[in-house]
Amino acid sequence: MIRYTTSLERIDEERLAGGFWVGWPVPPTPAQHLAMLRGAEVAVLALDADGGDVVGYVTAIGDGVLTAYLPLLEVLPAWQGRGIGSELVRRVLAELGPRYMIDVACDEDVVAFYERLGFTPYRAMVRRDRTALGRDA
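Computed from a predicted model, the values in this text were never measured in an experiment.

K.L.:
So what about the overall build of the protein? Which residues, and what values?
P.N.:
When its secondary structure is counted, the protein shows three helices and five strands. Counting from the amino terminus, the protein carries its helices and strands in the arrangement β-α-β-β-β-α-β-α. Its C-alpha atoms give the protein a radius of gyration of 15 Å, near enough to 14 Å, the size a compact globule of 137 residues would have. Taking the principal axes of the C-alpha coordinates as reference, the protein spans close to 35 × 35 × 30 Å. Taking all 137 residues of the protein together, 34% fall into the buried category. Contacts in the protein between residues far apart in sequence, at least 24 positions, make up 59% of those at least 6 positions apart. Accessible area for the protein stands at about 8,700 Å²; split by element, carbon and sulfur atoms hold 50% of it.

The following block contains the structure:
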């Protein structure tokens, strides 16, 4: 059973150490992860209702009026395929309310996932600095 929340109360580094960041060459530390959640305009968490551990999350950053960006959506591998990611996106969109634009940059293998949730492919530019995490890439 999954419980969804926007509250970070009782969320600590230990609850975030479950194996997020699959495939990331330089994954954030649990402390950085917690700081990212706290710094987001909106963070929606999926919690294992039995133990309270974070099994998925989505973050949104934005101006509070017209624009928002969804930089991170992660579901632990053992919890994937259960609709958690879709529900997290639906909930973050509801929390953001109507905005002129809500953007997400994603890898090609998840384009269809976002299309099912109402997003449209669009051209984007990105810059990645893996050294910004405080460790060598």
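K.L.:
So what about unusual backbone geometry? Which residues, and what values?
P.N.:
The backbone phi angle of Arg 10 is positive, close to 70°, even though this residue is not glycine. Among the structural elements, Arg 10 can be located in the loop between strand S1 (2-5) and helix H1 (30-39). Arg 10 sits in the exposed class, given a relative accessible area of 71%.

K.L.:
With reference to specific residues and values, describe the packing of aromatic side chains.
P.N.:
Aromatic ring pairs: the centre-centre distance and the angle between the two ring planes describe each pair. Under the definition given, this model contains five aromatic pairs. Between Phe 20 and Tyr 57 the ring centres are 5.3 Å apart and the planes differ by 75°, which places this aromatic pair in the edge-to-face class. One end of the pair, Phe 20, is in the loop between S1 and H1; the other, Tyr 57, is in strand S3 (residues 54-62), with 37 residues separating them in the sequence. You can call Tyr 57 buried: its relative accessible area is 0%. On the numbers, 5.6 Å between centres and 80° between planes, the contact of Tyr 114 with Phe 119 is edge-to-face. Neither Tyr 114 nor Phe 119 differs from the other in exposure class; each is buried. Grouping aromatic residues by their ring pairs yields a cluster made of Phe 20, Trp 21, Trp 24 and Tyr 57. The ring of Trp 79 has Arg 82 sitting right over it, with the charged end atom 4.5 Å from the ring centre.

K.L.:
Describe helix H2 (residues 84-96), naming the residues involved and giving the relevant values.
P.N.:
When the terminal C-alpha atoms of H2 are compared, their 18 Å separation across 13 residues agrees well with the 18 Å that a helix rising 1.5 Å per residue should span. The inward-facing, buried residues of H2 abut S1, strand S2 (42-48), S3, strand S4 (67-75), strand S5 (101-103) and helix H3 (111-116).

K.L.:
Describe the side chain of Glu 74, naming the residues involved and giving the relevant values.
P.N.:
With respect to the helices, strands and loops of the structure, Glu 74 is situated in strand S4. Residue contacts for Glu 74: discarding those within four places in its chain leaves Phe 20, Trp 21, Trp 24, Val 55, Gly 56, Tyr 57 and Leu 88.

About the criteria used
Residues numbered from 1 in each chain as written. Predicted model: local features only at pLDDT ≥ 70, side-chain atom pairs only at ≥ 80, totals over all residues. Heavy atoms only, no water. Helix = DSSP H or I, 4+ residues; strand = E, 2+ residues; numbered from the N terminus. Rg over C-alpha atoms; globule rule 2.2 N^0.38 Å. Buried < 20%, exposed > 50% of the residue type's maximum accessible area, 1.4 Å probe, protein only. Contact = heavy atoms within 4.5 Å. Areas by Shrake-Rupley, 256 points an atom, 1.4 Å probe, with all protein chains shown as cover. Phe/Tyr/Trp six-rings, centres within 6.5 Å; stacked < 30°, edge-to-face > 60°. Lys NZ or Arg CZ within 6 Å of the ring centre and 35° of its normal. Expected span 1.5 Å × (residues − 1).

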